[in-house]
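# Residue-level structure breakdown
Listed below, chain by chain, are the residues.
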Amino acid sequence: MHSNMQQLNTFAGAGQSQPTLVSYRILTEDDFVAVKDTNPGLLFFRLGNRCLPQRYHDDYWLGLVSSPDTYTTFGIFEVYQDSLIGVVSVVMDVREYCSVEYLSEVEKSLMAGAAQVCYICTLFVAHTSRSQGMGRGLLLRCIEHIRSTVPRSSVIYLHVQASNQPAISMYTNLGFQQAGMIPGYYKDSFDGTPQNGSMDALILYRRFG
């Protein structure tokens, strides 16, 4: 389970008497299947549906960890409890992932002249672990992985809820710029549950020179 374990880090939030010791590793299909009956703390699809503005079906979450040629998915774990507290997943080549005709005009414009286009399709941290820099830590690992993998003149982009100012600030502080907005991007979830906050999405991007 932990053959891809990466370096340890500590994070301390406001009011914490002890810092949180965490580790990072790439998630695999085992995190969806093998631990399902043994460690509910690793059920990242449940965590994701609690954290994100839009709920997704289990098949979506399974795809993130069972298709390594398409996705790279990192998890951040609280070490002592071995519980998953955050995830970032990136589509490594959008052109191979989907037909460009289904993308917005803003997304198409980002592809112009880019050697490779990557897309962060999900990033979340458990509510109880926020405001400690863990989302930033996940994003940095994602950026480092992309930088070491893709050719020069590549682009990474993402959608973020227009009302999520803490996330927007985190991205812009790490070099992302706003490319545009998609009104009504976040729809009701697959089970019809209404979503909270703004339905609009900003498209943020960063180029690798």
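Cut-offs used in this document
- Residues numbered from 1 in each chain as written.
- Predicted model: local features only at pLDDT ≥ 70, side-chain atom pairs only at ≥ 80, totals over all residues.
- Heavy atoms only, no water.
- Axes fitted to C-alpha atoms, helices over the stretch in contact; angles between N-to-C directions.
- Helix = DSSP H or I, 4+ residues; strand = E, 2+ residues; numbered from the N terminus.
- Parallel < 35°, antiparallel > 145°, perpendicular 65-115°, else oblique.
- Left-handed = near helix turned anticlockwise from the far one by under 90°.
- Contact = heavy atoms within 4.5 Å.
- Nonpolar A, V, L, I, M, F, W, Y, C, P; charged D, E, K, R; others polar.
- 1 Å grid on protein atoms, 1.4 Å probe; cavity = no way out; pocket = protein on both sides within 12 Å on 5 of 7 lines; lining within 4 Å.
- Points joined across faces, edges and corners; volume = space filled by probe spheres on them.
- Core = buried A, V, L, I, M, F, W, Y, C linked by side-chain atoms within 4.5 Å.
- Buried < 20%, exposed > 50% of the residue type's maximum accessible area, 1.4 Å probe, protein only.
- Phe/Tyr/Trp six-rings, centres within 6.5 Å; stacked < 30°, edge-to-face > 60°.
- Lys NZ or Arg CZ within 6 Å of the ring centre and 35° of its normal.
- Salt bridge = Lys/Arg side-chain N within 4 Å of Asp/Glu carboxyl O.

### Side note on the packing of helix H5 (residues 134–149) against helix H6 (residues 165–173)
Relative orientation of the contacting elements H5 and H6 amounts to 40°, with a least axis distance of 11 Å. Judged on the interaxial angle alone, H6 and H5 are oblique. Relative to H6, H5 is oriented so that their crossing is right-handed. Counting all contacts with H5, which are made through Gly135, Arg136 and Leu139, the residues of H6 involved are Met170, Tyr171 and Asn173. Tallied by class, the residues present in the contact of H5 with H6 amount to three nonpolar, two polar and one charged.

### Describing the layout of surface pockets
Volume-wise, the largest pocket comes out at about 1,000 Å³. Forming the boundary of the largest pocket are 42 residues, of which Leu52, Leu123, Phe124, Asn164 and Tyr171 lie nearest the centre. With seven residues, strand E5 (residues 117–125) is the largest single contributor of residues to the lining of the largest pocket. Of the residues assigned to the lining of the largest pocket, the class counts are 28 nonpolar, eleven polar and three charged.

### Structural notes on the nonpolar core
As a rule of thumb, nonpolar side chains are buried together in soluble globular proteins. With 31 residues, the main nonpolar core has Ile120, Leu139, Ile146, Val160, Tyr171 and Phe176 as its most contacted residues. Elements with a contribution of two residues or more to this core: strand E2 (20–26), strand E3 (71–78), strand E4 (83–91), E5, H5, strand E6 (154–161), H6 and strand E8 (201–208). Look past the residues within four positions of Phe176 in its chain and what remains in contact with it is Ile120, Leu139, Ile143, Ile156, Leu158, Tyr171, Leu204, Tyr205 and Arg206. Val87, Leu110, Tyr157 and Tyr205 belong to the second largest nonpolar core, which has 28 residues in total.

### Some points on unusual backbone geometry
In the Ramachandran plot, Ser131 falls in the positive-phi region, its phi being about 65° despite a non-glycine side chain. Relative to the helices and strands, Ser131 is located in the loop between E5 and H5. One non-glycine residue, Ser153, lies in positive phi territory at about 65°. By the secondary structure assignment, Ser153 is in the loop between H5 and E6. Ser153 sits in the partly exposed class, given a relative accessible area of 42%.

### Section: the packing of aromatic side chains
Under the definition given, this model contains five aromatic pairs. Considering the side-chain rings of Tyr71 and Tyr97, the 5.8 Å spacing of their centres and the 75° angle between planes classify their relative orientation as edge-to-face. Linking Tyr71 in strand E3 with Tyr97 in helix H3 (residues 94–97), this pair joins segments that are 26 residues apart in sequence. Centre to centre, the rings of Tyr171 and Phe176 are 5.6 Å apart; their planes meet at 65°, and the pair counts as edge-to-face. Just as Tyr171 is buried, Phe176 falls in that class too. Of the aromatic side chains, those joined through ring pairs into one cluster are Tyr60, Trp61 and Phe124. Over the aromatic face of Tyr24 sits the side chain of Arg141, whose NZ or CZ is 3.7 Å from the ring centroid.

### Things to note about the pattern of salt bridges
Within this structure, the stated rule accounts for one salt bridge. Taking the shortest distance from any N to any O, the salt bridge between Glu105 and Lys108 comes out at 3.3 Å. Placement of the pair is Glu105 and Lys108 together in helix H4 (residues 105–111), with a separation of three residues, close to one helical turn. Take Glu105: its relative accessible area is 59%, and that puts it in the exposed class. Accessibility expressed as a relative area gives 28% for Lys108, which makes it partly exposed.

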